[in-house]
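Per-entry structural report
Residues per chain are reported as follows:
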Amino acid sequence: MSDALFSAIRDIDRVAKKQRTCSAKTVQYLSQMENEIRQTKEKLETCSNSSERKQLMKELQDKLLQLELPGQIAAQQKEFYGSVSRLGKSIDKHFSHSASFGNRETKLDEKLLDQVIANHLFREGQPDLGQTFCKEAKVSVSEDLKRAFLDMHIIVTELQKHSLMPALEWVKRQNKGEGRNSPLEFKLHSMQFIHLLTSQGCNAALEYARLNLSKFASTHMLEIRQLMGCLLYHNNIERSPYRELLSETHWEDIQQDFMRECCNLMGQACESPLLVTSAAGALAIPTLAKFATVMAKKQDWTSMEQLPVEIELGHDFTFYSIFACPISRDQASPDDPPMMLPCGHVLSKQSVTKLNKNNSKPFKCPYCPSEQKYSDCLQITF
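In this report, the structure presented in the accompanying data block is examined. From a predicted model like this one, the values you see are computed outputs, not experimental measurements. (Residues numbered from 1 in each chain as written. Predicted model: local features only at pLDDT ≥ 70, side-chain atom pairs only at ≥ 80, totals over all residues. Heavy atoms only, no water.)

Let's shift gears to the overall build of the chain. Along the backbone of the chain there are 13 helices and 5 strands. Within the chain, residue pairs in contact and separated by at least 24 positions form 57% of the contacts whose partners lie at least 6 positions apart. With an accessible surface of roughly 26,100 Å², the chain has 53% of that area assigned to carbon and sulfur atoms. (Helix = DSSP H or I, 4+ residues; strand = E, 2+ residues; numbered from the N terminus. Contact = heavy atoms within 4.5 Å. Areas by Shrake-Rupley, 256 points an atom, 1.4 Å probe, with all protein chains shown as cover.)

See the structure below:
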């Protein structure tokens, strides 16, 4: 699979290079044509004789025919489209697929999928495209949610430009009347302090700190002391012990923190469900393809409700606590939830049921000598 993938990537790189060459050549030919037309236009503006004008137009026509610019553009486009066509055949060659792998019938809620796609478009700051999709798919997104997603996208765009004030104003509006100091607000004020220190000097930064950082003294004193230490190196923070505060990663982190807080207030997932699902599917495809090949001659895997193999997606796709019974090694499920014994040890419900062979008598915990009663066991919800 890896060799096929690298071969496909090399083919894609070749097509991308061909596209850049084609684009550059096309621009060159069009510029050449434009220059010829512009020169003739300038001559026509200074020419009053109609016969001379006809002669100039005839010369322009002959010149363009001689250069054959449209034909050269068409040849470049034809060569590029040929490479694109060959790329499709190359991918089909490298990635042979089983007919059963991609044809499994699933009970898909198409209305829900359309709703997820619509939310994703508004989340990504594409309201026009989202509105068109909603109209064609006959789904609706509330006006409040549309407005909230649009505001979030506008502010994130400003953060990408290193502009903090829109985000600060948004945080102040959200915290108004609640009397709470948001961690996000402190991070924004800290970055604005560094911005003022590097652009306007110590006095502006110190005045800003007095007005906006003092209320965080009880919760962020260590960070405030670090910011105050920057004042000693305001002329050359890049070579100071505080140079890490200028790292570009802080801007990336603040964008993620802002989007996370926005989505929490909207009651939405912090990451786009559509992107998360697509990324998880892309990671699972190699394992599924290999499994389909192995099972093709043994069993019809498409009829299974659950795969007999575990597909590891990594910690990025872990969104809640997972409990695995230390006896059965199976993960907890709604049908087999975790149960806590009176002694404090936790087992799966099925394991506890097996230990409790005789409901009338206590049973011993497998990890300590204490005796337990089934009626005293508590179901745990993480």
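All right, on to the sheet that holds strand E2 (residues 346–348) then. Pairing is antiparallel in the open sheet, where 3 strands are placed in the order E2-E1-E5. Both outer strands of the open sheet, E2 and strand E5 (378–379), are each paired with one neighbouring strand and no more. Direction of pairing for strand E1 (residues 338–340) relative to E5: antiparallel, over a ladder of 2 bridges. Counted as the bridge partner of Met 339 is Gln 379 from E5. (Pairing = 2+ DSSP bridges.)

Okay, the pattern of salt bridges next. Per the stated rule, a full pass over the model turns up 11 salt bridges. Among the ionic pairs, Glu 79 bridges to Lys 18, the shortest N-O distance being 2.7 Å. Here Lys 18 lies in helix H1 (residues 2–45) and Glu 79 lies in helix H3 (residues 69–94), a separation of 61 residues in the sequence. The exposure class of Glu 79 is partly exposed, given its relative accessible area of 40%. One salt-bridge network, held together by shared partners, links Lys 187, Asp 257 and Arg 260. (Salt bridge = Lys/Arg side-chain N within 4 Å of Asp/Glu carboxyl O. Buried < 20%, exposed > 50% of the residue type's maximum accessible area, 1.4 Å probe, protein only.)

Within the sequence span of helix H9 (residues 202–212), burial applies to Ala 205, Tyr 208, Ala 209 and Asn 212. Buried residues of H9 fall within an arc of 100 degrees about the axis and therefore sit on the same side. Seen from the open side of H9, the exposed residues pointing more than 90 degrees away from its buried face are Asn 203, Arg 210 and Leu 211. Summarising the contacts, the buried residues of H9 are in contact with helix H7 (165–175), helix H8 (183–199) and helix H10 (221–229). (Arc of directions from axis to C-beta.)

A separate point is the nonpolar core. The biggest cluster of nonpolar side chains holds 41 residues, and the ones touching the most others in it are Leu 188, Phe 193 and Phe 258. When contributions to this core are tallied by element, the ones reaching two or more residues are helix H4 (110–123), helix H5 (127–137), helix H6 (143–160), H7, H8, H9, H10 and helix H11 (249–266). It is H8 that provides the largest number of residues to this core, a total of 8 residues. Ignoring anything within four residues of it in the chain, the contact list for Phe 193 reads Ala 205, Leu 206, Tyr 208, Ala 209, Leu 213, Leu 227, Met 228 and Leu 231. (Core = buried A, V, L, I, M, F, W, Y, C linked by side-chain atoms within 4.5 Å.)

The next point concerns the packing of aromatic side chains. The relative placement of two aromatic rings is captured by the distance of their centres and the angle of their planes. Within the structure shown, the criterion is met by 4 aromatic pairs. For the ring pair Trp 170 and Phe 258, a centre distance of 4.9 Å and an interplane angle of 70 degrees mean the geometry is edge-to-face. With Trp 170 in helix H7 and Phe 258 in helix H11, the pair connects residues that are 88 residues apart, well separated along the chain. On the basis of relative accessibility, which here comes to 8%, the residue Trp 170 falls in the buried class. On the basis of relative accessibility, which here comes to 0%, the residue Phe 258 falls in the buried class. (Phe/Tyr/Trp six-rings, centres within 6.5 Å; stacked < 30°, edge-to-face > 60°.)

Take the side chain of Gln 255 next. Following the sequence through the fold, Gln 255 ends up in helix H11. When sequence neighbours within four positions are dropped, the list of residues in contact with Gln 255 reads Val 156, Leu 159 and Gln 160.

Turning next to a nonpolar patch on the surface. Together, Phe 319, Tyr 320 and Ile 322 make up an exposed nonpolar region whose accessible area comes to about 390 Å². Tracing the backbone shows Ile 322 in the loop between helix H12 (273–295) and E1. (Patch = residues over 30% accessible without salt bridge, like charges linked within 9 Å, V, L, I, M, F, W, Y side chains within 5 Å.)

Packing of H4 against H5 leaves a shortest axis separation of 8 Å and a crossing angle of 165 degrees. As summarised for this structure, H4 and H5 are arranged roughly antiparallel, according to the angle between their axes. For the element pair H4 and H5, the recorded crossing hand is left-handed. Seen from H4, the contacting residues are Lys 111, Asp 114, Ile 117, Ala 118, Leu 121 and Phe 122; seen from H5, they are Pro 127, Leu 129, Gly 130, Gln 131, Phe 133, Cys 134 and Ala 137. Of the residues that constitute the contact of H4 with H5, the class distribution is 9 nonpolar, 2 polar and 2 charged. (Axes fitted to C-alpha atoms, helices over the stretch in contact; angles between N-to-C directions. Parallel < 35°, antiparallel > 145°, perpendicular 65-115°, else oblique. Left-handed = near helix turned anticlockwise from the far one by under 90°. Nonpolar A, V, L, I, M, F, W, Y, C, P; charged D, E, K, R; others polar.)

Counting across every chain of the model gives 0 disulfides. Free of any disulfide, Cys 343 has its nearest cysteine sulfur in Cys 368, 3.6 Å distant. (Disulfide = S-S within 2.5 Å.)

What follows covers H11. Here H11 is 18 residues long and its end C-alpha atoms lie 26 Å apart, about the 26 Å a rise of 1.5 Å per residue gives. The elements touched by buried residues of H11 are H4, H6, H7 and H8. One or two positions beyond H11, positive phi appears at Gly 267, with a value near 75 degrees. (Expected span 1.5 Å × (residues − 1).)

Worth remembering: the numbers are spatial, not functional.
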